[in-house]
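Understanding the architecture of this molecule
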Amino acid sequence: MIEISDGEVEKLYNKLKKEAEDAGYFLNSDTEFTKGLVKSLLINEKRYGYWACPCRLASGVKEKDLDIICPCDYRDADLNEYGACYCALYVSEDVANGKKQVTSIPERRRANPLERQNNFPMSNLKYPVWRCRVCGYLCARDQPPMVCPICKAKQERFERMI
Amino acid sequence: MNFTKVPGRNRGKVLIYALSTCGWCKKTKQFLKDNGIEYSYVDVDLLQGDERDKIVKEVERWNPSLSFPTIVINDSLCVVGFDERKLRETLKI
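Please read these numbers as outputs of a predicted model, since none were measured by experiment. (Residues numbered from 1 in each chain as written. Chains lettered and ligands numbered in written order. Predicted model: local features only at pLDDT ≥ 70, side-chain atom pairs only at ≥ 80, totals over all residues. Heavy atoms only, no water.)

**Describing the nonpolar core**
In this structure, L89 and Y90 of chain A together with Y17, L32, V44, I55 and F68 of chain B are the most contacted members of the largest nonpolar core, which totals 64 residues. For this core, the element with the most residues is helix 2 (residues 31–48) of chain A, which contributes six residues. Setting aside residues no more than four positions away along its own chain, V44 of chain B makes contact with L57 of chain A together with Y17, A18, L19, R52, I55, V56 and F68 of chain B. Core analysis: the next-biggest nonpolar cluster, separate from the first, contains eight residues, W130, V134, C139 and C148 of chain A among them. (Core = buried A, V, L, I, M, F, W, Y, C linked by side-chain atoms within 4.5 Å. Buried < 20%, exposed > 50% of the residue type's maximum accessible area, 1.4 Å probe, protein only. Helix = DSSP H or I, 4+ residues; strand = E, 2+ residues; numbered from the N terminus. Contact = heavy atoms within 4.5 Å.)

**Description of the sheet that holds strand 3 (residues 39–43) of chain B**
All names here are of chain B. Spatially, five strands are ordered 1-3-2-4-5 in an open sheet, and the strand pairing comes out mixed. Both outer strands of the open sheet, strand 1 (4–6) and strand 5 (77–80), are each paired with one neighbouring strand and no more. Across the sheet, the axes of successive neighbouring strands diverge by a mean angle of 25°, strand direction being ignored. Pairing of strand 2 (residues 14–18) with strand 4 (residues 70–73), which is carried by four bridges, proceeds in the antiparallel orientation. Looking across to strand 4, one finds that I16 is bridged to I71. Where helix 1 (residues 23–34) meets the sheet, its contacts fall on strand 1, strand 2, strand 3 and strand 4, and the angle it forms with strand 2 comes to roughly 155°. (Pairing = 2+ DSSP bridges. Axes fitted to C-alpha atoms, helices over the stretch in contact; angles between N-to-C directions.)

**Considerations on the pairing of strand 3 (residues 129–132) of chain A**
The pairing of strand 3 of chain A with strand 4 (residues 138–140) of chain A spans three bridges and is antiparallel. Of the residues in strand 4 of chain A, the one forming a bridge with W130 of chain A is C139 of chain A.

**Points about the packing of helix 1 of chain B against helix 3 (residues 84–91) of chain B**
All names here are of chain B. Close contact between helix 1 and helix 3 brings their axes to 12 Å; oriented N to C, the two are set at 35°. Of the two possible hands of crossing, helix 1 and helix 3 adopt the one that is right-handed. Taken together, the residues of helix 3 that come into contact with helix 1 (itself represented by T28, F31 and L32) are E84, L87, R88 and L91. For the contact of helix 1 with helix 3, the per-class residue count stands at four nonpolar, one polar and two charged. (Left-handed = near helix turned anticlockwise from the far one by under 90°. Nonpolar A, V, L, I, M, F, W, Y, C, P; charged D, E, K, R; others polar.)

**Thoughts on the domain arrangement of chain A**
Residue and element names in this part refer to chain A. Along its sequence, chain A is carved into domain 1 (6–96) and domain 2 (115–162). One C-alpha centre belongs to domain 1, the other to domain 2; they are set 22 Å apart. Every contact between the two is made by 12 residues of domain 1 and, on the other side, nine residues of domain 2. For the pair domain 1 and domain 2, the summed buried surface comes to about 910 Å²; carbon and sulfur atoms form 46% of the total. Area buried by domain 1 at its contact with domain 2 is led by L66, P71 and D73, which between them contribute 49% of it. There are three salt bridges connecting domain 1 and domain 2. Counting across the interface, domain 1 meets domain 2 through six residue pairs in polar contact (both at pLDDT 80 or more). A class-by-class count of the residues in the side of domain 1 that touches domain 2 yields six nonpolar, no polar and six charged. (Domains from an automatic or database assignment. Buried area = accessible area lost by both parts, 1.4 Å probe. Salt bridge = Lys/Arg side-chain N within 4 Å of Asp/Glu carboxyl O. Polar contact = N/O pair within 3.5 Å; in protein donor to acceptor, adjacent residues only side chain to side chain.)

**Topic: the interface of chain B and chain A**
On the chain A side, the residues contacting the 21 residues of chain B number 22 residues. The junction of chain B with chain A conceals about 1,600 Å² of combined surface from both sides, 55% of it contributed by carbon and sulfur atoms. Among the residues of chain B in contact with chain A, T21, W24 and R52 of chain B are the three that bury the most area, contributing 39% of the side total. Our count for the contact surface shared by chain B and chain A stands at two salt bridges. Note that K27 of chain B and D30 of chain A form a salt bridge whose closest N and O atoms lie 3.9 Å from each other. Counting every contact that joins chain B to chain A gives seven residue pairs in polar contact (both at pLDDT 80 or more). Among the elements of the structure, helix 1 and helix 2 (49–62) of chain B are those that each provide at least two residues to the side of chain B that touches chain A. Counting residues per element, the side of chain B that touches chain A draws most heavily on helix 1 of chain B, which supplies four residues. The residue makeup of the side of chain B that touches chain A, split by class, is 10 nonpolar, six polar and five charged.

Written as structure tokens, this is what we have:
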């Protein structure tokens, strides 16, 4: 059994909450539920070495689970359509303010598998354009940033677009 | 057997395929417990090897998207996700 202290949960919860709010996202205001998910992220970090989505069955192989590392590739689409990510860790502003309720939502992952883009159109741009698969942030530079400045996803979550 | 039984009133055979880390799975278990319904559950993420493969195939038979929780009632009806209304209706809560 993996033990996680309340202090560790509190620390990560506060960090995620601040990062979310700084970038226009919201954590679920049901703090007990949300801290449960934050604890699960820490459990998965110890189990797999990365923040596999707590509500999906991770393979334990990072390359296969890249799309479901929190925040997952499906979060923003689910926020738009349902007002919550698959776990309901992240919610829309209306849900965060109690104007709308969240429920368990359908799994987007297998219904619409997102292919990693490997072929990009030839261009004569001076720099390649990289896209964050989590939030859509774009930047033109030799390599993607180490961490997405918007959603804090790591470099490996970027794909080359142009 | 991999399933853990939680005692309560018998409303048929209720199996929950869950993940130990999932918030909706926790809500589902708590909902049945609070309403005193007997059920059995398995946390699929805690299984390994052949045991896990076998249970994963079982879940996929009912719910091809392999999402959690998957609740199977009387080996005949499947509820995907924490759907309180559907659970109330099916289990007469």
